[in-house]
Amino acid sequence: MSFENTLAYARQLDSEDPLASYRDKFHIPKDNNGQDWLYFTGNSLGLQPKTTQKYIQQELDDWANYGVEGHFEAKNPWMPYHELLTASMAKIVGAKPIEVVVMNTLTTNLHLLMVSFYRPTKTKFKIVIESDAFPSDRYAVQSQLQFHGFDPAVGLVEWRPRQGEELLRIEDLETILAAQGDEIALLLIGGVNYYTGQYLDLKRIAELGHAKNCMVGIDLAHGAGNVSPDLHDSGVDFAAWCSYKYLNAGPGSLGGIFVHENHANNRDLPRFAGWWNHNKETRFNMRQPFDVMKGAEGWQLSNPPILSMAAIKASLDMFDEVGMKALRIKSEKMTGYFEYLIHQINSDSIKIITPSNPKERGCQLSIQVKNADKSLHKKLTENNIITDWREPDVIRCAPVPLYNRFEDVYKMVTVLKGLL
Ligand SMILES: Cc1ncc(COP(=O)(O)O)c(C=O)c1O
């Protein structure tokens with residue numbers, strides 16, 4: 001794509017943008033003078049759709065009006081409320097509805113999925129993660145190893161970038177599996193790495209893992225609503241993600257899980273149980289022997305928080321309207337423009353470490369700051385440009401196609417240039 005480094009050109013791109021009107025459907029935080037912040041942290045907490053309040057209010061009203069009867073009498077009855085989210089969520093991650101359910105939060109879900117998909121033996125017990133995995137994932141797998149009686153120092157295998165590089169190479173995962181595959185039980189990989197923004201080839205990872213009889217799980221926290229991961233076709237065994245980043249469902253909102261159809265009918269897979277993964281036809285007969293549900297729903301435990309699900313529904317209805325295809329088209333263009341402008345600064349003090357190939361990234365660019373100077377991030381914030389700093393040396397910026405403008409990107413880079 002060829003771009004121009006002017007505000008007029010950025011505004012022209014906005015005027016040609018078929019999704020431009022969606023910005024107005026969000027609450028954009030403002031500074032003390034009433035100016036919109038330049039918000040680039042949808043990778044951390046997505047902004048609030050203006051419809052969210054109405055969706056939550058509906059459930060508050062139904063609770064006020066019906067009390068417990070709301071489980072059946074609410075406009076959207078609470079008993080099957082989670083089912084209202086399944087088809088839309090499945091489309092976002094490229095899955096079949098039977099493979100997806102919204103429940104709990106991300107780290108909890110990773111543990112519940114590892115109950116089923118991390119079944120170590122004395123000789124095949126290791127878990128592979130990226131060396132730059134999100135700390136919660138690292139803690140989760142370390143504790144799983146310990147729970148099963150293994151020393152994380154031995155059982156945790158790190159797939160790391162080569163010396164002097166920031167990104168992961170698939171051939172290095174191949175080398176790890178060739179050397180230790182017989183001892184590896186599980187690969188748990190961030191589909192889009194939180195730090196570098198690198199979007200990995202999930203299909204290839206699944207093929208490599210399965211060739212060595214390993215289970216393959218994906219943390220899609222930075223992928224859901226950002227890239228189109230085609231989870232079903234990728235063949236990965238399971239995945240989990242959150243809804244508070246690109247899915248704009250509010251702080252701490254519920255996550256989603258994917259369990260591949262290959263495992264959907266395997267009632268013998270060990271798992272934890274509660275009344276919500278018991279057959280919904282007989283759930284209220286009580287005192288029945290446990291009868292597990294098919295598909296991803298068979299990993300639920302508890303009746304879910306409806307207020308959080310209402311916020312998710314508000315967001316997913318918008319995703320249904322727009323579709324991931326249109327989002328990706330804008331996203332590739334906007335992040336491409338962002339990258340072009342940063343390269344135009346031509347400064348030795350910063351470097352983009354995110355892959356330059358749009359197929360290997362979502363909307364986020366990770367800007368490495370030489371000499372790990374956090375003051376640059378601080379100054380951006382003082383200019384009402386909201387990015388986030390990740391230790392040791394990266395500013396993460398995510399222009400989100402639903403609510404960011406090309407103009408935001410232009411203004412952000414102009415300020416960045418001034419600061420440098
Ligand atoms: C990649 C990744 N994994 C795990 C988590 C933890 O999520 P939660 O607090 O919902 O368990 C996050 C949170 O930002 C994340 O980015």
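Treat the numbers as computed from the prediction; the structure is a model and nothing was measured.

Caption draft 1: The overall build of the chain, seen in detail. For the chain, the helix and strand inventory stands at 14 helices and 13 strands. For 420 residues, the compact-globule formula gives about 22 Å, and the C-alpha radius of gyration of the chain, at 22 Å, lands near that figure. Seen through its C-alpha atoms, the chain measures out along the principal axes to roughly 70 × 60 × 35 Å. Residue burial in the chain is summarised as follows: out of 420 residues, 55% are buried.

Caption draft 2: View of unusual backbone geometry. A cis amide bond, omega 5°, links E391 with the succeeding residue P392. Mapped onto the elements, P392 comes out in the loop between strand 12 (388-390) and strand 13 (394-397). Although it is not a glycine, N104 adopts a positive phi angle of roughly 45°. With a phi angle near 60°, N346 is a residue other than glycine that sits in the positive phi range. Tracing the backbone through its elements, the reader meets N346 in the loop between helix 12 (324-345) and strand 9 (350-352). Of the residues examined, N346 reaches a relative accessible area of 68% and is grouped as exposed.

Caption draft 3: Just helix 5 (residues 106-117), in detail. Given a rise of 1.5 Å per residue, twelve residues ought to cover 16 Å, and the 16 Å separating the end C-alpha atoms of helix 5 matches this to within 8%. With nine of its twelve residues buried, helix 5 lies for the most part within the structure. For helix 5, the set of buried residues is L106, N109, L110, L112, L113, M114, V115, S116 and F117. In the core, the buried residues of helix 5 are packed alongside strand 2 (100-103), helix 6 (135-147), strand 5 (184-190), strand 6 (215-219), strand 7 (238-241) and strand 8 (255-259).

Caption draft 4: Layout of the site of the ligand. Close to the ligand lie L106, T107, F134, D137, D219, A221, H222, Y244 and K245. The side chain of D219 places a nitrogen or oxygen atom 2.7 Å from a nitrogen atom of the ligand. H222 places a side-chain nitrogen or oxygen 2.9 Å from an oxygen atom of the ligand. For the ligand, the accessible surface in isolation is 400 Å², of which the surrounding protein chains cover 80%.

Caption draft 5: Representation of the pairing of strand 10 (residues 365-369). With five of five residues buried, strand 10 is to be regarded as a mostly interior element. Side chains L365, I367 and V369 of strand 10 all project onto a buried face; the interleaved residues S366 and Q368 project onto the opposite face, where all are buried too. The pairing of strand 10 with strand 13 spans four bridges and is antiparallel. Within strand 13, the residue paired with S366 across the bridge is R396.

Caption draft 6: Representation of helix 2 (residues 52-66). Look at helix 2: 21 Å from first C-alpha to last across 15 residues, which is about the 21 Å you get at 1.5 Å a residue. When we look at burial in helix 2, the residues that qualify are T52, Y55, E59 and D62. Buried residues along helix 2 cover an arc of 110° about the axis, so they all sit on one side. Opposite the buried face of helix 2, by more than 90 degrees, sit the exposed residues Q53, K54, A64 and N65. Of the residues flanking the end of helix 2, it is G67, one or two places downstream, whose phi is positive at about 55°.

Caption draft 7: Inspection of empty space enclosed by the protein at higher detail. Overall, the coordinates contain two cavities of 30 Å³ or more when judged by the stated rule. Together, E130, S131, D132, P161, E166, L168, N193, T196 and Q198 line the largest cavity. Among the residues making up the lining of the largest cavity, the classes are represented as two nonpolar, four polar and three charged. Lining the second largest cavity are G225, Y246, N248, F319, L327, V400, P401 and L402. Of the residues in the lining of the second largest cavity, the class split is six nonpolar, two polar and no charged.

Caption draft 8: Highlighting the pattern of salt bridges. Tallied over the entire structure, the rule returns 29 salt bridges. In this structure, E407 engages R11 in a salt bridge whose closest nitrogen and oxygen atoms are separated by 3.1 Å. Of this pair, E407 sits in helix 14 (residues 406-419) while R11 sits in helix 1 (residues 7-16), and the two are 396 residues apart along the sequence. Exposure remark for E407: the relative accessible area of 11% places this residue in the buried category. Of the charged contacts, one joins E297 and K280 as a salt bridge, the two residues approaching to 3.3 Å between their closest N and O atoms. Highlighted residues: E297 in the loop between strand 8 and helix 11 (306-322) and K280 in the loop between strand 8 and helix 11, separated in sequence by 17 residues.

Caption draft 9: Inspection of the sheet that holds strand 5 at higher detail. Spatially, seven strands are ordered 2-8-7-6-5-3-4 in an open sheet, and the strand pairing comes out mixed. In this open sheet, the two strands that pair with only one neighbour each are strand 2 and strand 4 (156-159). If you compare each strand with its neighbour and ignore which way they point, the axes differ by 20° on average. Across five bridges, strand 5 lies against strand 6 in parallel orientation.

The rules we used
- Residues numbered from 1 in each chain as written.
- Predicted model: local features only at pLDDT ≥ 70, side-chain atom pairs only at ≥ 80, totals over all residues.
- Heavy atoms only, no water.
- Helix = DSSP H or I, 4+ residues; strand = E, 2+ residues; numbered from the N terminus.
- Rg over C-alpha atoms; globule rule 2.2 N^0.38 Å.
- Buried < 20%, exposed > 50% of the residue type's maximum accessible area, 1.4 Å probe, protein only.
- Expected span 1.5 Å × (residues − 1).
- Contact = heavy atoms within 4.5 Å.
- Near = heavy atom within 4 Å.
- Polar contact = N/O pair within 3.5 Å; in protein donor to acceptor, adjacent residues only side chain to side chain.
- Areas by Shrake-Rupley, 256 points an atom, 1.4 Å probe, with all protein chains shown as cover.
- Pairing = 2+ DSSP bridges.
- Arc of directions from axis to C-beta.
- 1 Å grid on protein atoms, 1.4 Å probe; cavity = no way out; pocket = protein on both sides within 12 Å on 5 of 7 lines; lining within 4 Å.
- Points joined across faces, edges and corners; volume = space filled by probe spheres on them.
- Nonpolar A, V, L, I, M, F, W, Y, C, P; charged D, E, K, R; others polar.
- Salt bridge = Lys/Arg side-chain N within 4 Å of Asp/Glu carboxyl O.
- Axes fitted to C-alpha atoms, helices over the stretch in contact; angles between N-to-C directions.

Remember, this is a structural readout, not a statement about activity or role.
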